[in-house]
Amino acid sequence: MKNLTTNKELILLVDDVPTNLHVLVSTLKDHYRLKTATSGDAALKSIAQEKPDLILLDVMMPGMSGIDVMRILQQSQETRGIAVIFVSADTTELTQLTGLELGADDYLTKPISTTVLKVRVSNLLERKRAEAQLRLAAQVFESSGEAIMITDKNNCVIEINQAFTKLTGYSIDEIKGKDPKFLSAGKTHPEVYIGMWQELKDNGFWQGELWDVDKNGRVYPKYLSISVVKNAYNDIDFYIASFTDISERKEAEEHINRLAKHDSLTGLLNRFSLMDGLEQTISIAKRQKTKMAVMFIDMDRFKIINDTFGHETGDALLKEVANRIRRNVRESDLVCRWGGDEFIIVLNGVESVADVTTVATKLQVSLGQNAYYHGTTEMNSSPSIGITMYPDDGIEASELMRNADAAMYHAKSSGRNNFQFYSGEMNRAALERLHLEKEMRSAQDLGQYQLYFQPKYSAKDLTLIGFEALIRWRHPTLGMVPPLSFIPIAEENGMISQIGLWVLEEACKQVYEWKKTFNYAIPIAINLSAYQLRSTTLLSEVNAVMQRYELSVNDLELEITESVAMRDPNACIGQLNALRIMGVQLAIDDFGTGYSSLSYLKVMPVHTLKLDKSFVNDIGQDQNDEVICIAAINLAHSLGLKVVAEGVETVEQQTFLVENDCDILQGYLLGKPAPSEEAKQFILDAIKANKLNLPLAK
Ligand SMILES: Nc1nc2c(ncn2[C@@H]2O[C@@H]3COP(=O)(O)O[C@H]4[C@@H](O)[C@H](n5cnc6c(=O)[nH]c(N)nc65)O[C@@H]4COP(=O)(O)O[C@H]3[C@H]2O)c(=O)[nH]1
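Residues numbered from 1 in each chain as written. Predicted model: local features only at pLDDT ≥ 70, side-chain atom pairs only at ≥ 80, totals over all residues. Heavy atoms only, no water.

### Focus: the sheet that holds strand S3 (residues 54-58)
Strands pair in a sheet through their backbones, by hydrogen bonds, and they do so in one of two ways: parallel or antiparallel.
Okay, step 1: Read from one edge to the other, the open sheet built from 5 strands follows the order S2-S1-S3-S4-S5, with strand pairing classed as parallel. Edge positions in the sheet fall to strand S2 (33-37) and strand S5 (106-109), since each of these pairs with one other strand and no more. For this sheet the average axis-to-axis angle between neighbouring strands, irrespective of direction, equals 20°.
Okay, step 2: Alignment of strand S4 (residues 83-88) against S5, held across 4 bridges, turns out to be parallel. Across the sheet, the residue bridging to Ser88 is Thr109, located in S5.
Okay, step 3: Contacts between helix H6 (residues 114-143) and the sheet are confined to strand S1 (10-14), S3, S4 and S5, with S4 contributing the most and set at about 160° to the helix. (Pairing = 2+ DSSP bridges. Helix = DSSP H or I, 4+ residues; strand = E, 2+ residues; numbered from the N terminus. Axes fitted to C-alpha atoms, helices over the stretch in contact; angles between N-to-C directions. Contact = heavy atoms within 4.5 Å.)

### What to know about the site of the ligand
Okay, step 1: Of all residues adjacent to the ligand, which total 21 residues, the nearest are Arg472, Asn527, Asp589, Glu649 and Tyr668.
Okay, step 2: Within the side chain of Gln454, one N or O atom sits 2.9 Å away from a nitrogen atom of the ligand.
Okay, step 3: Within the contact set of the ligand, an oxygen atom lies 3.1 Å away from a side-chain nitrogen or oxygen of Asp590.
Okay, step 4: For the ligand, whose accessible area on its own is 800 Å², the fraction buried by protein is 86%.
Okay, step 5: When contributions to the shell around the ligand are tallied by element, the ones reaching two or more residues are strand S19 (464-475), helix H17 (483-493) and strand S23 (585-591).
Okay, step 6: Among the elements that make up the shell around the ligand, the one with the highest residue count is S19 (4 residues).
Okay, step 7: Considering only residue class, the shell around the ligand consists of 9 nonpolar, 5 polar and 7 charged. (Near = heavy atom within 4 Å. Polar contact = N/O pair within 3.5 Å; in protein donor to acceptor, adjacent residues only side chain to side chain. Areas by Shrake-Rupley, 256 points an atom, 1.4 Å probe, with all protein chains shown as cover. Nonpolar A, V, L, I, M, F, W, Y, C, P; charged D, E, K, R; others polar.)

### Some thoughts on unusual backbone geometry
Okay, step 1: Here Lys110 and Pro111 are connected by a cis peptide whose omega angle stands at -5°.
Okay, step 2: Here Pro111 is to be found in the loop between S5 and H6.
Okay, step 3: Tyr390 connects to Pro391 through a cis peptide bond whose omega is 0°.
Okay, step 4: With respect to the helices and strands, Pro391 occurs in the loop between strand S16 (383-390) and helix H15 (397-413).
Okay, step 5: The backbone phi angle of Asn417 is positive, close to 45°, even though this residue is not glycine.
Okay, step 6: Position of Asn417 relative to the elements: it lies in the loop between H15 and strand S17 (419-421).
Okay, step 7: Judged by relative accessible area, which is 33%, Asn417 ranks as partly exposed. (Buried < 20%, exposed > 50% of the residue type's maximum accessible area, 1.4 Å probe, protein only.)

### Some thoughts on helix H27 (residues 676-688)
Okay, step 1: For H27, with 13 residues, the first-to-last C-alpha span of 19 Å sits near the 18 Å given by 1.5 Å per residue.
Okay, step 2: Turning to H27, its buried residues are Ala679, Phe682, Ile683 and Ala686. Along H27, the residues classed as buried sweep out an arc of 95° about the axis, all on the same side. Summarising the geometry of H27, the exposed residues directed more than 90 degrees from the buried face are Glu677 and Lys688. (Expected span 1.5 Å × (residues − 1). Arc of directions from axis to C-beta.)

### A few points about the packing of H15 against helix H16 (residues 424-443)
Okay, step 1: Two elements in contact, H15 and H16, have axes whose closest approach is 9 Å; the angle formed by their N-to-C orientations is 90°. Taken together, the axis directions place H15 and H16 in an arrangement best described as roughly perpendicular. Listed contacts from H16 to Ala406, Ala407, Tyr409 and His410 of H15 are Met426, Ala430 and Arg433.
Okay, step 2: By residue class, the composition of the contact of H15 with H16 is 5 nonpolar, 1 polar and 1 charged. (Parallel < 35°, antiparallel > 145°, perpendicular 65-115°, else oblique.)

### A closer look at the nonpolar core
Okay, step 1: Core analysis: the biggest nonpolar cluster contains 82 residues, and Met440, Tyr449, Phe467, Trp514, Leu556, Leu576 and Leu657 have the highest contact counts within it.
Okay, step 2: With 10 residues, the top contributor of residues to this core is helix H18 (residues 496-518).
Okay, step 3: Residues within four places of Leu657 in sequence aside, it is in contact with Val616, Ile619, Ile633, Ala645, Val648, Cys662 and Leu665. (Core = buried A, V, L, I, M, F, W, Y, C linked by side-chain atoms within 4.5 Å.)

Below, the structure is given as structure tokens:
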């Protein structure tokens, strides 16, 4: 056995004649480790202690002969493989044959030529080493987890291992002599094979991925390494190919890729990959001089659906939206979920605006016409679509995205459920909106909001019965920003919850202060946004503020617009009932502009209907509106509700409304919205004229 420290092979020299041993030792000692034994017994003991790589075994020894020792060695698995050279003075053929038959590797005759001894020993050990290596190689070949295939210089199969058979299903008999190209699935690009052969020629080695097909027809990706084996004349003898099936790795890679590039809910592209895809589509359109379109889709009412029915239902709607979009665009178009309820489509190879209009119309019908379902829950939504064209509206990805977004906002503000193409005007509007949004973030902290108060009068005797609080935003450079310019934005970005709280606080504080100043309980109405109405904290917030300012029943009135109330009447009724129990007065604002269902109106726990000023405005001009005013007043009365007419500007309107039994009047004719200090004057005037029909403060 090779000594680990010296790395020299061990030779056991066995001879009963010490001088013979001496010759052997002095010949071999420089190159090998040596042990000696002077009898067969001593030799076996030494072998038991440490297995030698080679035994030089004297045949003729007293007691146990070399032949006997050899027989014993052959009996044991452990010692059977040890190389043995017989050394003997007996040169008869028979003796030599017996030794060789017993498994000896060579035969030396005495007297020994030291040169011959050296060569024989060296050759034998060399051969044994080579055999051991071959055995090892064969074992590695067979037991390798990698499939291995050896082909000859003409690339015909000569050998395969077990792993190859396991992976491909082919046995050696089926494929011996074949060119391995029968393994190819035909899915790898021919250039890969050309490159592979070139590399093998140039460098004798190649590795890479190929697509193969197994005996059962399963197509799989494999990672393959091929080495060229050359002979001493530098001619190719063999190709050794080893490979593994990398389907699982590929699948995992693809899965990770999918996760990184796609939205997990809908499977559509996510915003990062959309931007990549958009850039690529732009460069293709640039090269091919074609047009393309970017569509920005926002699903109307999605936030309400999500808040009302929960996320699972909202998710089901989004998934269905994704499916419907996919069904209406080409495979090559990019479809992305940009976030929330926003989707982007990039239509490539578009020829004209008319093409895009066709797709947009299809999408509008598909996304808006039929209800969405989650179990038995039915949801109705529709798309607001903004469209921009390359290169007409912009040539940069970011520019096109901005344009599509602006066009989408335009679609929203044009009554939703429609599509709009981008125009420069929209861009200005979008920029203004962005600016306003930015300024709005600090408006409250900078004390730029203010409440104005508009008086309301009883129609029959013009007594002051309360005020409506209306927010004002005084911006140092933009001037007075009208609420209709910023409240809808605040609704969308969620800032309305802070603004709404501020209005609630200020209005209640005003009721409290006027109570202290005038000793009258003068009610104030505030406008409640859709967002606030859906809020789960609304009740506790209202309750806390009312307590803080010691407000009693009827001191506070909340107005919600008709369209907000009817959007989700059932949820709204629940909130309103709770508010009513707390002693809050409730009114439906802008009545006539939404589509009220009479059955809901009957069960809405409200006290008042506010007739929209557009009807009042047309009194004396449009008979239809006059008829509607009368019908609305009668309807409200039949439901036991009071009617407030908003926007009363002329005496004619006032007279008409009084004659038709309207209960309360509000409008510039009687008093414009004014800051607190000026509003005080309305109260003083009313007190002076004995026109304050209100309870004393408790
Ligand atoms: N032409 C004309 N207009 C009259 C007349 N009398 C009153 N108005 C205006 O009509 C609007 C009545 O308020 P609204 O219907 O609740 O409509 C409000 C309301 O929906 C919203 N808003 C105002 N303040 C708040 C607030 O604090 N919170 C919320 N959520 N919305 C608010 O903004 C809308 C507009 O408010 P404003 O610009 O203050 O406009 C007010 C008021 O100034 C009149 O005789 N002629």
